[in-house]
Amino acid sequence: MRWKQRPPGSNWGEFGPDDQLGRANLIGPEQVLKGVQEVREGISLCLSLPLDLPGGNALNARRHPPRLSPTRNGERPYVNFPLGHVYAGATDVISDDQVLLSLQYSTQWDSLAHVGSLFDTEGDGQLRTTYYNGYRGHEHVLGPVDHGLPARDADGAPGPYRPVCCAGRPADASVARALGVENLARKGMQGRAVLVDLARVYGTDFQDIGYDQLMHAMAQCGATVEPGDMLLLRTGFAGLVLSMQGQPDAHRLHHSCAALDGSDPQLLQWITDSGIAALIADNYAVERHPPTRVPQDGSPYAVVPLHEHCLFKLGLPLGELWYLDELADALHAGGRTRFLLTAPPLRLPGAVGSPVTPIATL
């Protein structure tokens, strides 16, 4: 066992001591068949934004738009390249490219290695960098440095940051030897999904959605979920991003549309009790980030409490920045909330997130 005690409210070990799928385990043949039964019209809808949106890095300073470039053979860039330069008399023309891509820039899945927590897995009072099911930073999730445990100065502000290079690790390398997104790719992430149209119920004003508001919206939409369903929330945010055409207005991005209130314990408990296998939204982080409510007494807290609850405690995958406007309109017109969702991430071993081109079939 990688842990002697697990976080309160977690399900570590319930899918096996070495599980790396978490609640995605609940998507079995029955859920796929339930999804197929929702296919009535044979209509397929793409739920991805163009992967070069939102544009710039106004949403997250670390993440930048994809950069396409030609592959090369020596000094030759292979775009519009006549093969006659290599094979005498050849008429072929080749274009072949590559991309430098931040895997969580646009429409994406978070793997279970995306967010962990400092937690005392051994019961000895020592905090450790820990992920779902007790997998550990620097052992299973590897980066180029050990950041050490955060300290505070006399004023309570973060203390000096003194990372230590990890021996044998390249300066720009990272890999998740466990919990990588390839596990979700092998699973397939296909099954029945349920859409709750928060924007239709509450509009697109800046607002936090707690348990009571979510239950009201589900009732208004006629939406119910069962264990193994994937739940999608439309806030209108991705539609706003699309309307900006790659020239985002930072103020509007950060002050528009609904997001879940990750600090609402009743909401987090409902996520646990509902048995949903994935939680997906069309906004930046599913939950409000940065949070609007944090402790004022200096006590420890999670900056992304819903991420901590879902990814770290439950192994519940999160989808972000999905484009749901066309799907919401089609479901509303048909008086429906359920559909077949097919949304495997890239089968990229060791990645902690992945772009995705989800397909809803109605």
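Look a little higher up for the structure.
Reading the values: the criteria
Residues numbered from 1 in each chain as written. Predicted model: local features only at pLDDT ≥ 70, side-chain atom pairs only at ≥ 80, totals over all residues. Heavy atoms only, no water. Axes fitted to C-alpha atoms, helices over the stretch in contact; angles between N-to-C directions. Helix = DSSP H or I, 4+ residues; strand = E, 2+ residues; numbered from the N terminus. Parallel < 35°, antiparallel > 145°, perpendicular 65-115°, else oblique. Left-handed = near helix turned anticlockwise from the far one by under 90°. Contact = heavy atoms within 4.5 Å. Nonpolar A, V, L, I, M, F, W, Y, C, P; charged D, E, K, R; others polar. Core = buried A, V, L, I, M, F, W, Y, C linked by side-chain atoms within 4.5 Å. Buried < 20%, exposed > 50% of the residue type's maximum accessible area, 1.4 Å probe, protein only. Arc of directions from axis to C-beta. Pairing = 2+ DSSP bridges. Phe/Tyr/Trp six-rings, centres within 6.5 Å; stacked < 30°, edge-to-face > 60°. Salt bridge = Lys/Arg side-chain N within 4 Å of Asp/Glu carboxyl O.

K.L.:
An account of the packing of helix H7 (residues 265-274) against helix H8 (residues 305-314) is requested, with residue identities and associated values reported.
P.N.:
For the pair H7 and H8, interaxial distance at closest approach is 10 Å and the crossing angle is 30°. Classified by the angle their axes make, H7 and H8 are roughly parallel. In the packing of H7 onto H8, the handedness of the crossing is right-handed. When H7 is examined against H8, the residues Leu268, Ile271 and Thr272 are found in contact with a partner set consisting of Leu306, His309, Cys310 and Leu314. The residue makeup of the contact of H7 with H8, split by class, is five nonpolar, two polar and no charged.

K.L.:
Tell me about the nonpolar core, and name the residues and values.
P.N.:
Judged by nonpolar contacts, the single largest core of 41 residues is most densely connected at Val196, Leu214, Leu231, Leu233, Ile271, Leu279 and Leu306. Counting only elements with at least two residues in this core, the list comes to strand S15 (190-197), helix H4 (211-221), strand S17 (230-234), strand S18 (258-260), H7, strand S19 (278-281) and H8. Not counting chain neighbours up to four residues away, the residues in contact with Ile271 comprise Arg23, Ile276, Leu279, Leu306, His309, Cys310, Leu314 and Leu316.

K.L.:
Can you lay out H4 for me, pointing to particular residues and giving the numbers?
P.N.:
Within H4, the full set of buried residues consists of Leu214, Ala217 and Met218. Here the buried residues of H4 occupy an arc of 100° about the axis, which is enough to place them on one side. The outward face of H4, more than 90 degrees from its buried face, is lined by the exposed residues Asp212, Ala219 and Gln220. Where H4 is buried, its residues touch S15, helix H3 (198-202), strand S16 (207-209), S17 and H7.

K.L.:
Describe the pairing of strand S21 (residues 338-342), and please don't skip the residues or the numbers.
P.N.:
The buried fraction of S21 amounts to four of the five residues, a majority that puts the element mostly inside the structure. With five bridges joining them, S15 and S21 adopt antiparallel strand pairing. Residue Ala193 lies in a different strand from S21, and its bridge partner there is Phe339. Bridge analysis of S21 against strand S23 (residues 359-361) gives three bridges, and the strand direction is antiparallel. Looking across to S23, one finds that Thr342 is bridged to Ile359.

K.L.:
Tell me about the packing of aromatic side chains, and name the residues and values.
P.N.:
All chains considered together, the criterion is met by six aromatic pairs. Taking the centre distance of 5.3 Å and the plane angle of 90° together, the rings of Trp12 and Phe312 count as edge-to-face. Of this pair, Trp12 sits in the segment before helix H1 (29-37) while Phe312 sits in helix H8; the two residues are 300 residues apart in sequence, bridging distant segments of the chain. Take Trp12 and Phe312: they sit in the same class, and that class is buried. Between the aromatic rings of Trp109 and Trp322, the centroid separation amounts to 5.2 Å while the plane-to-plane angle is 80°, which identifies the pairing as edge-to-face. Of this pair, Trp109 sits in strand S8 (residues 108-110) while Trp322 sits in the loop between strand S20 (318-320) and helix H9 (325-333); the two residues are 213 residues apart in sequence, bridging distant segments of the chain.

K.L.:
Could you give an account of the pattern of salt bridges, with specific residues and numbers?
P.N.:
Scanning all chains against the criterion turns up 18 salt bridges. When the shortest N-O distance is used, the salt bridge between Lys34 and Glu30 registers 3.6 Å. Taken together, the residues Lys34 and Glu30, both in helix H1 and four residues apart, mark about one turn of the helix. Judged by relative accessible area, Glu30 falls into the exposed class, the value being 55%. The salt bridge involving Glu41 is made with Arg336; its shortest N-O contact spans 3.2 Å.

K.L.:
Tell me about the packing of H4 against H7, residues and numbers included.
P.N.:
Each packed pair of helices is defined by two parameters, the angle between the axes and the distance between the axes. Running from amino to carboxyl end, H4 crosses H7 at an angle of 50°, the nearest separation of the two axes being 8 Å. Classified by the interaxial angle, the pair formed by H4 and H7 is oblique. Mapping the contact onto sequence places Tyr211, Asp212, Leu214, Met215 and Met218 in H4 and Gln266, Leu267 and Trp270 in H7. Split into classes, the residues belonging to the contact of H4 with H7 amount to six nonpolar, one polar and one charged.

K.L.:
Account for H9, naming residues and giving values.
P.N.:
For H9, the full list of buried residues reads Asp325, Leu327, Ala328 and Leu331. Seen end-on, H9 carries its buried residues on one side only, within an arc spanning 160°. Where H9 ends, the next residue or the one after it, Gly335, has phi of about 65°, a positive value.

K.L.:
Kindly report on the pairing of S17, identifying the contributing residues and their values.
P.N.:
Extensive coverage of S17 is indicated by the burial of five of its five residues. Relative to S17, S15 runs parallel, the two sharing five bridges. The residue bridging Ala193 from the neighbouring strand is Met230, located in S17. Here four bridges tie S17 to S19, and the two strands are oriented parallel to one another.

Remember, this is a structural readout, not a statement about activity or role.
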